[in-house]
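# Coordinate inspection notes
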Amino acid sequence: MEKNEKKFAGFRMSGFSMLAVMLLLFVGGVWLLTQAMPVWGGLCLLLFVLCLPGFMMIEPNEARVMLFFGVYKGTLNDNGFWWVNPFYAKKKMTYRARNLDIEPIKVNDKAGNPVMIGLVLVWRVKDTYKAMFEIDSQETSGVRAVPVKGGVVAVQQRETLASRMAAYQNFVSVQSDAALRSLAGEYAYDNNESSDEVTLRSGGEEINDRLEHELNSRLAISGIEVVEARINYLAYAPEIAAVMLRRQQAAAIISAREKIVEGAVTMVQMALDRLAAEKVVDLDEDKKAAMVSNLLVVLCADEQAQPVVNTGTLHQ
């Protein structure tokens, strides 16, 4: 992601040093007033009041976007207690990661089947310039209903970090919905024809990486980075879930039958070879066919076979 953010290069000083200077201004202003020098005393106290808004504290993974009468002067992200020109507007920003859980939505996969798909992602602000000036967060700064005589009136509240981050989260949520729909349309839910085809169900990390790339490409304009994105819910839509379940059950039964038949044939061949090798009994082709038939019935039957004991000869 190309960053438009730049480091703040304006004047700044330690907040503790400035506290000492302001204490001297306050004490000196009071002393000058008591010495019948109101002009100089008032000037010192005025400077004291004007310098108060210049203090700010920056915690780890936080920053301040510095504006001087609407002009972007850079981003200050050095931790500590600082004092800057009080005429700077200091917009608070955070680099801390946040979770977003997208509720399952109904989309059509590559084959046109309706599926329910949801995701969870971790995102954070990477470029404070784009995040501050490319996304309109003013409309989400909060509208408070104030009761007045004869009704209520909506009052726009001041924009805060919480409201700004809520606006970013809403932007990420909308773009995540669009990315999820686009991704689901490129892949089938499951591979019914080709086992080599990458599907939503079997794609695993490849699908998640594709989703993360799609999200980052959509959010690049906003200065927001997706750290991790994972599909956390995937199922057929309710209207076709029963039909698809029967198809999956049929496929599973066929696969199981193939294994059973393969094992039964191997066991029958082993039995015939052992009988012939150890010369237990001589069997002609008819008797071998009857034996193979009986063994396959016993080995492939769904239920336990009920043997019939022949008390006569083999020919009866």
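Check the entry above for the structure.
This section reports on the structure supplied with the text. (Residues numbered from 1 in each chain as written. Predicted model: local features only at pLDDT ≥ 70, side-chain atom pairs only at ≥ 80, totals over all residues. Heavy atoms only, no water.)

### Some thoughts on helix α1 (residues 15-34)
The terminal C-alpha atoms of α1, which comprises 20 residues, lie 29 Å apart, in line with the 28 Å expected from a rise of 1.5 Å per residue. Three or more residues of α1 are buried, namely G15, M18, M22, L25, G29 and L32. Along α1, the residues classed as buried sweep out an arc of 110 degrees about the axis, all on the same side. Turned more than 90 degrees from where α1 packs its buried face, F16, L23, L24 and T34 sit exposed. (Helix = DSSP H or I, 4+ residues; strand = E, 2+ residues; numbered from the N terminus. Expected span 1.5 Å × (residues − 1). Buried < 20%, exposed > 50% of the residue type's maximum accessible area, 1.4 Å probe, protein only. Arc of directions from axis to C-beta.)

### Some points on the pattern of salt bridges
Scanning all chains against the criterion turns up 13 salt bridges. One salt bridge connects D78 with R12, and the closest N-O pair in it is separated by 2.8 Å. Separated by 66 residues along the polypeptide, D78 in the loop between β4 (71-76) and β5 (80-84) and R12 in strand β1 (residues 12-14) bring together distant segments of the chain. By relative accessible area, which is 23% here, D78 ends up partly exposed. The exposure class of R12 is partly exposed, given its relative accessible area of 28%. A salt bridge links R218 to E214; the shortest N-O distance between them is 3.0 Å. Residue R218 and its partner E214 are located together in helix α5 (residues 205-219), separated by four residues, close to a single helical turn. For E214, a relative accessible area of 13% gives the class buried. A single network of salt bridges, built from pairs that share partners, joins E59, E62, R64, K92 and R96. (Salt bridge = Lys/Arg side-chain N within 4 Å of Asp/Glu carboxyl O.)

### Quick look at the nonpolar core
Core analysis: the biggest nonpolar cluster contains 35 residues, and L121, W123 and Y168 have the highest contact counts within it. Looking at this core, the elements that each hand over two or more residues are β3 (62-68), β7 (98-108), β8 (114-125), α3 (128-133), α4 (161-184), α5 and β11 (224-236). Counting residues per element, this core draws most heavily on α4, at seven residues. With sequence-adjacent residues up to four places away left out, L121 is seen in contact with R98, N99, L100, V172, S176, L215, V226, E228 and A229. (Core = buried A, V, L, I, M, F, W, Y, C linked by side-chain atoms within 4.5 Å. Contact = heavy atoms within 4.5 Å.)

### Concerning the pairing of β5
Across the five residues that make up β5, a large majority, four, are buried. Pairing analysis gives three bridges linking β1 to β5, with the strands arranged antiparallel. In the strand pairing of β5, R12 is matched with V84. In this structure, strand β2 (residues 55-58) lies alongside β5, joined through four bridges in antiparallel fashion. Residue pairing across strands places I58 opposite G80, the latter belonging to β5. (Pairing = 2+ DSSP bridges.)

### A few points about helix α2 (residues 38-51)
The terminal C-alpha atoms of α2, which comprises 14 residues, lie 20 Å apart, in line with the 20 Å expected from a rise of 1.5 Å per residue. Listing the buried residues of α2 in full gives G41, C44 and C51. Across the axial projection of α2, the buried residues extend over an arc of 100 degrees, all falling on one side. Exposed positions of α2 whose direction lies more than 90 degrees from the buried face are P38 and V39. The elements touched by buried residues of α2 are α1, β2 and β5.

### Side note on the sheet that holds β4
Taken together, three strands build an open sheet; the order of strands is β4-β3-β6 and the sheet is antiparallel. Either end of the sheet is taken by a strand with one partner, and the two such strands are β4 and β6 (88-94). When the angles between neighbouring strand axes are averaged without regard to direction, this sheet yields 25 degrees. Sheet topology note: the β3/β6 ladder contains seven bridges and is antiparallel. Within β6, the position partnered with E62 by the bridge is T94. (Axes fitted to C-alpha atoms, helices over the stretch in contact; angles between N-to-C directions.)

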